[in-house]
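# Examination of the molecular architecture
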Amino acid sequence: MPRHIQIFLLFALLLASLPCPSGAAESDVTARSIFALLPESIFENTPEGLSHQDKQKLLTDGHSEFWEVAGETEDVMVFASLPFRDTAVALRLLRHSTDGSVLAAFGTLGGSVCTLELWRIDATGRAVPTDTPQEPDITAFFAPGRKMPPDVQATVMICLGLGGLKAQPLFWTSTGMAHVPVDNDVSFQWNGKSFEKLVQPHTD
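Residues numbered from 1 in each chain as written. Predicted model: local features only at pLDDT ≥ 70, side-chain atom pairs only at ≥ 80, totals over all residues. Heavy atoms only, no water.

### With respect to the overall build of the chain
Each helix and strand counted, the chain has three helices and 11 strands in total. In sequence order, the chain lays out its α and β elements as α-α-α-β-β-β-β-β-β-β-β-β-β-β. Taking all 204 residues of the chain together, 42% fall into the buried category. Considering only residue pairs separated by 6 or more positions, the chain has 46% of its internal contacts joining residues 24 or more positions apart. (Helix = DSSP H or I, 4+ residues; strand = E, 2+ residues; numbered from the N terminus. Buried < 20%, exposed > 50% of the residue type's maximum accessible area, 1.4 Å probe, protein only. Contact = heavy atoms within 4.5 Å.)

### Some words on the packing of aromatic side chains
Remark: the centre distance and the inter-plane angle together describe each pair of aromatic rings, the angle taken between the planes. Counting across every chain of the model gives eight aromatic pairs. Measuring from centroid to centroid gives 4.6 Å for F35 and F79, while their planes differ by 35°, and the two rings are tilted. Of this pair, F35 sits in helix α2 (residues 31-37) while F79 sits in strand β2 (residues 76-81), and the two are 44 residues apart along the sequence. Residues F35 and F79 agree in their burial class; the two are buried. Among the aromatic residues, ring-to-ring pairing joins F35, F43, W67, F79 and F106 into one connected group. The cationic tip of K55 hangs over the ring face of F35; the distance from NZ or CZ to the ring centre is 5.2 Å. (Phe/Tyr/Trp six-rings, centres within 6.5 Å; stacked < 30°, edge-to-face > 60°. Lys NZ or Arg CZ within 6 Å of the ring centre and 35° of its normal.)

### Things to note about the nonpolar core
In terms of nonpolar packing, the biggest core is built from 28 residues, with F141, F142, L160, L165, A167 and F171 touching the most fellow members. Where this core is concerned, the elements lending two or more residues are β2, β3 (88-95), β4 (102-109), β5 (116-121), β7 (153-161), β8 (164-173) and β10 (184-190). Residues in contact with F141, not counting those within four places in the same chain, are P136, V156, A167, P169, V182, D183, N184 and V186. Listed in part, the 20 residues of the second largest apolar core include W67, M77, A104 and I121. (Core = buried A, V, L, I, M, F, W, Y, C linked by side-chain atoms within 4.5 Å.)

### Regarding the sheet that holds β3
Whether parallel or antiparallel, the strands of a sheet pair through hydrogen bonds between backbone atoms. Spatially, six strands are ordered β1-β2-β3-β4-β5-β6 in an open sheet, and the strand pairing comes out antiparallel. Looking at the sheet topology across the chains shown, the edges are occupied by β1 (67-72) and β6 (127-129). Taking the axes of each pair of neighbouring strands and ignoring which way they run, one obtains an average angle of 25° across the sheet. Across three bridges, β5 lies against β6 in antiparallel orientation. Bridged to R120 within β6 is V128. (Pairing = 2+ DSSP bridges. Axes fitted to C-alpha atoms, helices over the stretch in contact; angles between N-to-C directions.)

### Remarks on helix α3 (residues 52-61)
All of the buried residues in α3 are K55, L58 and L59. Down the axis, α3 shows its buried residues gathered within 95° of arc, on one side only. For α3, the exposed residues lying more than 90 degrees away from the buried face are Q53 and T60. Next to the buried residues of α3 lie α2, β1 and β2. Looking one or two residues past α3, G62 carries a phi angle of roughly 85°, positive in sign. (Arc of directions from axis to C-beta.)

### Considering the state of the cysteines
Throughout the structure, instances matching the rule amount to one disulfide. Each disulfide pairs two cysteine sulfurs, and for C114 the partner residue is C159, the sulfurs being separated by 1.9 Å. Given an S-S torsion of about -80°, the disulfide between C114 and C159 has left-handed geometry. Here C114 is found in the loop between β4 and β5, whereas its partner C159 is found in strand β7, with 45 residues between them in sequence. (Disulfide = S-S within 2.5 Å.)

### Re the side chain of S81
With respect to the helices and strands, the residue S81 is situated in strand β2. Accessibility expressed as a relative area gives 0% for S81, which makes it buried. Of note is the side chain of S81, whose polar atom sits 3.1 Å from the side chain of D86. (Polar contact = N/O pair within 3.5 Å; in protein donor to acceptor, adjacent residues only side chain to side chain.)

Structural data, given as structure tokens:
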């Protein structure tokens, strides 16, 4: 499947998984306003990068030399690289149901390796970086009694996911990346106040 189609499918899935908290429609805090507030550091993890000037052009024109706004709602913005849309970055707001704060999850999409920044925006509009949930042990991805091949090493990354965040395992050997089938998917679902760890049978 071409990468640009994957990106738009990811955007559609992000939208489909969004909760609809009461009062969100009246909020002045939107994905666009938070994107304007946050630094461009997440784009340093892409081949294209993003300067402050290009960020302003994205906000005003919807595109810059190397990026375009591929989709936008009040709580989600997805940026696709130009001209081939083979790199994507997404910003997703997770609203706190009681204290008026917002978590902004800002991450790369669609690759085997991801990068994620998590920011907390309080009721005064101040943004501070915050820790992501603790990465699960690699054993969480396997059924009881099943182990990785002895020559394989693994690490776990926290990425932007449906309903919140997801844990993404990465496997490698001395010769490079390795494919190791997993039994479980591990995610961190936003419940309106905090992340809840969820382990489910793996789906492709």
